[in-house]
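Coordinate analysis (summary)
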Amino acid sequence: MKSWLVPAASLLGAGWFFATAVILGVVVGRWADDRTGLEPTFTLVGIVVGLAVALIGGYRMLQPLMSRLGDEPPE
Amino acid sequence: MKIILIAVVVLAVLATGFIVAAGPEPHIVIPGEVVWKVGFMPITSTLMASWLAMAVLILGTFAMTRGMKLIPSGAQNFIESVIEFLYGQVEEIAGEKNARRFFPVVGTFFLFILVANWIALTPIFKSIGWTKDYGHEIFHEIQLKAEEGKPFDKDKHFLAWQMKDAGGVGLAQTGAGTFKFKIHSGEEPSVALDRYIIALAEFYTDFKPSVDAAHGEGEPEKADVEAAFAALQADPKAPKFIAADDHGHGGEADGHLGVSSHALGATFTALDFPGDKIALVYPFFRAAFSELNNTLALAIFAFLVIEFWGFQSLGFGYLGKFFINPLKNPILTFVGILELLSEFIRIISFAFRLFGNIFAGGVLLLILTFLVPFIAPLGIYGLEMFVGLIQAIVFSLLLLVFAVGAVEHHGDEEHHDSHDDGHHPGGGHADVHHLEPGAVQAH
C-alpha cells in the first residue's frame, strides 16, 4: 500500500505547490507594482522568486521520493 | 434483449426525473451561509458542518470504545483496526520514534477531513435551512437607498426561487421558477423600483412588457410600469405594493420612508406577498471544507505544528535551515530564504487544494442534480466519496512528510557517511537517519 501511496500524495502535493508558489509570486509582484508604480519591475521579480521557490521547494519535496525510487531494485 | 430492457428502464427513470423532480436553478455562493449570529461572530453553515463532523467522531469513538475488552470484537475491533492501520502507515514513513509524536495529529487530521467530507454527501446537507425572503429584501434595499437619496453605488444580483408557504415553512417546489433581478450601479432607487414592479409582474402574471426593461439597463416605459402595476393589483395571488396613503401616516411605516416610483408618481411603503414568496434556502449544513476559512484554519494549524516539531527536535538549530551565513556560502543563503518562503507557501497550497477539490465537487453535484435529477448524480456521488478519501490522505500524508523533513538534521543527505554522532547537542532526540534502514546500509 505504502509503496504507491506516498509517491502519489507527494506528486499531488507538489503540483499544487508549484502552482501556488508561482501564482503567489505574481500576485505579490503585481500588488507591489500597484503600490510603487514601478510596473513591471516587481511583477518580474515576483515571477522569478515564485519560480525559484517552486523549483527548490518542489525539488526538496520530491527528493526523498526520487532517491527512494532510485534505491528500489529493478523487478 | 436484457440490455435493451435495462436501457429502457434507465431512460424511463431519467425522463421521470425530468418531469417530477427537476430542482430549481442552483444558487452557488462561495462564503459559508450565515446561519446564526452569536454576538459579533457569525456561525456559518460550514462551521456547523465541522461541528457535526466533530460530534460524529467524538460520539462514534465514545460509543465504539465503551466497555473495551482485551480481545476486541464488533465496533471496537473496527476502530482498533482503523487506528492500527493508520499507525502502521505513519510508522513506516516517520520511523518508530517520530511516529509516536506525529501520529495523534496526523491521524486526527485524516479522520476529521475524511468524516467531514463524507457526511457532506448525506441528504441533510444543502437542503434544510432558513428561507431568506428575497422578495422583501430587494424592496428593502431600494427603500434604504431612497432614504439616503442617492443612486446605487454598485451592482447587486439577486436570485431566488418561488416558494410555497406551508404553515410558516418555505418549500421549494419541483420545477419552481427562478426569479432573477439586478440593480445597476448608478441607478436611481425610483427607477429600480419601476423595474422591480415589471419583473414581479412578469414573474407572477401573464404580463409582457413592450421593452425588456426589467432585466436590461435603462428606464422602463411609463406605460409598461402602469400596466405591470395593474396586472399585479388584478391577480389576488400576486404581490401587492402598499401605497403611502393606505397607512395615513404621511408615508411612514416601520420607521422607514416610502420609496416613490418614477413612472407611477406614487409612494410605496411596503410590499406584501399573499401567495408564493420568492426566497432562497440558506442551508444549516454545507460541506465543511467548501469554505476557505475552514481549510485555512487547518493549514495554519498544520504549519504551526510542523514548525513546533522542528524547534522541538532541533532547538534553535532549526532556524539554521533557513538562515545560512552568506560569507560561508552565498548561494545556500539564497536557497535558505527561498525555503523559508516555501514554508509559508505551504499554508496556501494546503488550504486551496482542499477547498478547491471539495467546493468544485459540491458545485458539480448541485449542477448535475439540476440537469439530470435521477441516476446520473449517483456516479458523481461515488467519485466524491473517492475525492473525499484522497484529499484526506493527501492532506495528512503531506503533513507527515513535511514534519519528517522538519525534524531531520540540517544537511542530512550530505553527511550520511561521516557518522558524526557527537556533533548534535540534541542527543537523544530524533536522530532520524538512524531509524532509516536505507541510510545505514548506504555505506
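Residues numbered from 1 in each chain as written. Chains lettered and ligands numbered in written order. Predicted model: local features only at pLDDT ≥ 70, side-chain atom pairs only at ≥ 80, totals over all residues. Heavy atoms only, no water.

1. A word on the packing of helix α6 (residues 189-204) of chain B against helix α7 (residues 222-234) of chain B
All names here are of chain B. In the contact formed by α6 and α7, the axes pass within 9 Å of each other and the chain directions differ by 50 degrees. When the axes of α6 and α7 are compared, the pair comes out oblique. As α6 runs across α7, the sense of the crossing is left-handed. Contact with α6, carried on its side by Asp 194, Ile 197, Ile 198, Leu 200 and Ala 201, involves Asp 224, Val 225, Ala 228, Phe 229 and Leu 232 of α7 and no other residues of that element. Here the residues of the contact of α6 with α7 are counted per class, giving eight nonpolar, no polar and two charged. (Axes fitted to C-alpha atoms, helices over the stretch in contact; angles between N-to-C directions. Helix = DSSP H or I, 4+ residues; strand = E, 2+ residues; numbered from the N terminus. Parallel < 35°, antiparallel > 145°, perpendicular 65-115°, else oblique. Left-handed = near helix turned anticlockwise from the far one by under 90°. Contact = heavy atoms within 4.5 Å. Nonpolar A, V, L, I, M, F, W, Y, C, P; charged D, E, K, R; others polar.)

2. Looking at the nonpolar core
In terms of nonpolar packing, the biggest core is built from 72 residues, with B:Phe102, B:Phe289 and B:Leu399 touching the most fellow members. Those elements that provide at least two residues to this core are α1 (2-36) and α2 (41-71) of chain A together with α2 (45-65), α3 (74-94), α4 (96-119), α9 (292-314), α10 (330-371) and α11 (376-407) of chain B. Not counting the four nearest positions on each side in its chain, B:Phe289 is found in contact with B:Phe112, B:Ile113, B:Ala116, B:Asn117, B:Asn294, B:Thr295, B:Leu298, B:Leu354, B:Phe355 and B:Ile358. (Core = buried A, V, L, I, M, F, W, Y, C linked by side-chain atoms within 4.5 Å. Buried < 20%, exposed > 50% of the residue type's maximum accessible area, 1.4 Å probe, protein only.)

3. Here's the deal with the pattern of salt bridges
Residue and element names in this part refer to chain B. In total, this model carries 11 salt bridges over all chains according to the counting rule given. A salt bridge links Lys 132 to Glu 137; its shortest N-O distance comes to 3.7 Å. What emerges from the salt-bridge pattern is a single network uniting Lys 145, Glu 148, Lys 150 and Asp 153. (Salt bridge = Lys/Arg side-chain N within 4 Å of Asp/Glu carboxyl O.)

4. Focus on a nonpolar patch on the surface
All names here are of chain B. Together, Ile 6, Val 10, Phe 18, Ile 19, Val 20, Phe 374 and Ile 375 line one region of the surface with nonpolar side chains, adding up to about 620 Å² of accessible area. Position of Phe 374 among the secondary structure elements: in the loop between α10 and α11. On the basis of relative accessible area, Phe 374 is assigned to the partly exposed category, the value being 31%. (Patch = residues over 30% accessible without salt bridge, like charges linked within 9 Å, V, L, I, M, F, W, Y side chains within 5 Å. Areas by Shrake-Rupley, 256 points an atom, 1.4 Å probe, with all protein chains shown as cover.)

5. A word on the sheet that holds strand β11 (residues 267-272) of chain B
Residue and element names in this part refer to chain B. Spatially, three strands are ordered β7-β11-β10 in an open sheet, and the strand pairing comes out antiparallel. Each end of this open sheet is capped by a strand with a single partner; those strands are β7 (240-243) and β10 (259-260). Inspection of the sheet shows β10 paired to β11 by two bridges, in the antiparallel sense. Each bridged residue has a counterpart across the sheet, and for Val 259 the counterpart in β11 is Phe 268. Relative to β11, helix α5 (residues 134-148) is tilted by about 160 degrees, and along the sheet it contacts β7, β10 and β11. Contacting β7 and β11, α7 crosses the sheet at an angle of about 105 degrees to β7. (Pairing = 2+ DSSP bridges.)

6. Brief notes about α4(B)
Helix length check: α4(B), at 24 residues, gives a terminal C-alpha distance of 33 Å against a target of 34 Å (1.5 Å per residue), a fit within 8%. A maximum bend of about 50 degrees is found in α4(B) at B:Phe102, where proline B:Pro104 lies one to four positions downstream. (Expected span 1.5 Å × (residues − 1). Bend = angle between axes of the 7 residues up to and from the residue.)

7. Observations concerning the UniProt feature "transmembrane region" (unreviewed entry) in chain A
Under the feature "transmembrane region" (unreviewed entry), the UniProt entry names residues 41-59 of chain A. Across residues 41-59 of chain A, helical content stands at 100% and strand content at 0%; the span's end C-alpha atoms are separated by 27 Å. (UniProt positions renumbered as here; feature names shortened; annotations may be inferred.)

8. Here's the deal with the packing of aromatic side chains
All names here are of chain B. Counted by the stated rule, this structure contains 27 aromatic pairs over all chains. Between the aromatic rings of Phe 350 and Phe 402, the centroid separation amounts to 5.9 Å while the plane-to-plane angle is 80 degrees, which identifies the pairing as edge-to-face. With Phe 350 in helix α10 and Phe 402 in helix α11, this pair connects stretches of sequence that are 52 residues apart. An identical accessibility class is assigned to Phe 350 and Phe 402; each is buried. Taken together through their ring pairs, the aromatic side chains of Phe 139, Phe 179, Phe 181, Tyr 196, Phe 203, Tyr 204, Phe 229, Phe 241, Phe 268 and Phe 273 make up a single cluster. (Phe/Tyr/Trp six-rings, centres within 6.5 Å; stacked < 30°, edge-to-face > 60°.)

9. Considering the environment of B:Phe181
Residues and elements named next belong to chain B. As for its placement among the helices and strands, Phe 181 is situated in strand β6 (residues 178-183). Using a relative accessible area of 3% as the deciding quantity, one classes Phe 181 as buried. Along the sequence, Phe 181 and Pro 330 sit 149 residues apart, while their C-alpha atoms lie 61 Å from each other.

10. Examining the layout of surface pockets
Residue and element names in this part refer to chain B. Of the pockets and cavities examined, the second largest pocket occupies roughly 1100 Å³. Taken together, 41 residues line the second largest pocket, and the ones lying closest to its centre are Phe 125, Lys 126, Ser 127, Leu 366 and Thr 369. Contributing elements (two or more residues each) for the lining of the second largest pocket: β5 (169-172), β12 (277-283), α10 and α11. The greatest single-element share of the lining of the second largest pocket, amounting to nine residues, is contributed by α10. For the lining of the second largest pocket, a count of residues per class yields 25 nonpolar, 12 polar and four charged. (1 Å grid on protein atoms, 1.4 Å probe; cavity = no way out; pocket = protein on both sides within 12 Å on 5 of 7 lines; lining within 4 Å. Points joined across faces, edges and corners; volume = space filled by probe spheres on them.)

11. Description of the pairing of strand β2 (residues 41-44) of chain B
All names here are of chain B. Where strand β1 (residues 34-38) lies against β2, four bridges are found, and the strand directions are antiparallel. Directly across from Val 38, in β2, lies its bridge partner Met 41. Adjacent in sequence and paired antiparallel, β1 and β2 are bridged by two residues, among which Gly 39 carries a positive phi angle near 60 degrees.

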